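# Tertiary structure, described
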Amino acid sequence: MATTDRQATTLALAHALSAAERGLAVIPLSRSKLPALRSPHRDDPAPSPCHGACGRLGHGVYDASSDPDRIRELFAAAPWATGYGIACGLPPHHLIGLDLDVKTGTDSSAALRELALRHLFTIPPTVVVVTPSGGRHLWLSGPPEAVVPNSAGRLAPGIDIRGAGGYLVGPGSRTDQGVYAAAPGTAHLAPAPCPRSLLRLLLPPPRTRHPVSTEAGGHGQGLVQFVLAAHEGQRNTRLFWAACRAYEDGIGPALVAPLVDAALHTGLSEREARTTIASAARMTGHRP
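Along each chain, the written sequence defines residue order, and numbers are assigned to residues from 1. Since the coordinates come from a predicted model, pLDDT governs what is reported: local features require at least 70, and pairs of side-chain atoms require 80 or more to be given and counted, while whole-chain, interface and lining totals use all residues. Excluding hydrogens and water, the side-chain figures rest on all heavy atoms present in the structure.

So, about the sheet that holds strand 2 (residues 83-87). Here the rule is simple: two strands pair whenever DSSP picks up at least two bridges between them. Here a strand is any run of E in DSSP of at least two residues, a helix any run of H or I of at least four, and the numbering for each starts at the N terminus. Ordered by their spatial adjacency, 3 strands build an open sheet running 1-2-8, and the pairing between neighbours is antiparallel. Either end of the sheet is taken by a strand with one partner, and the two such strands are strand 1 (26-29) and strand 8 (167-169). The average undirected angle you get between the axes of adjacent strands in this sheet is 35 degrees. Relative to strand 8, strand 2 is paired through 3 bridges, and the arrangement is antiparallel. The residue bridging A87 from the neighbouring strand is Y167, located in strand 8. Its contacts with the sheet place helix 2 (residues 68-77) against strand 1 and strand 2, and it is angled at close to 15 degrees to strand 1. Axis geometry follows a simple rule: fit a line to the C-alpha atoms, using only the stretch in contact for helices, then measure angles between N-to-C directions, giving values from 0 to 180 degrees. Contacts are assigned to residue pairs with any non-hydrogen atoms lying within 4.5 Å of each other.

A side-chain nitrogen of Lys or Arg and a carboxyl oxygen of Asp or Glu constitute a salt bridge if their distance falls within 4 Å. On inspection of all chains with the given rule, the structure shows 6 salt bridges. A salt bridge links R72 to D69; the nearest nitrogen and oxygen atoms lie 3.7 Å apart. Here R72 pairs with D69, and both are found in helix 2, just 3 residues apart, close to one helical turn. Note on classification: 1.4 Å probe, protein chains only; a residue is buried when its accessible area is under 20% of the maximum for its type, exposed when over 50%, partly exposed between these limits. Residue classification places R72 among the partly exposed positions, given a relative accessible area of 41%. Owing to a relative accessible area of 56%, D69 belongs among the exposed residues under this scheme.

Right, dumping it as structure tokens:
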């Protein structure tokens, strides 16, 4: 098993370096598809989202790089890595990933075709990565000024979006479920420009901003930033933690709207965000 894992790590590094040659920023992933390097702040009593400013490794997608020496450093620090993630939203491609799932009982490909007919767009030839479950990742390139958020099922049932702050599992990665592979005839392609009408669907609608009140102060702004830095899999946990701290510090009511806005930016729905904040209020002995 150890030999197999070493071979998988060597192959993952080779694929990651190949992706970097195309300008893609990468990080090592474990077999669970999560970043292979743990956060250096995991034991801090009140972790703050420094996004790598501390100079240490383990900040997830914020470690992503297209520099070969940096990539080798990342993999050397994670010799158990068997795959790599490709950061979305970064230059030069400003990658957007359409994750067409097959595990939800819905026909995500049909849902995408219906959207295309309704909104008059076509998906141009582009990189397609086939997942071990039979799903597909479609790679698209966005304009530099567009910040596409991550979302799950917002565009259509079974379609998740990987945008700024997210990552896609790179082809050649080996996971507990199997191997990710480029679909035949697509590996040599560059990510195609995202159709404008589709891009409009991916961008969040303009919202009324709720500035952090003077009552909440700088600590409140820090809690909001903590939520904004959440990756998929951390969103509810970070929101619940921040809301608990806000209620414990007496600024919960003043911070509800900014925390909801932050949670929406990470891809949670408004209902999910408000439910989580209400749970935090009850947990800390407050009335939602």
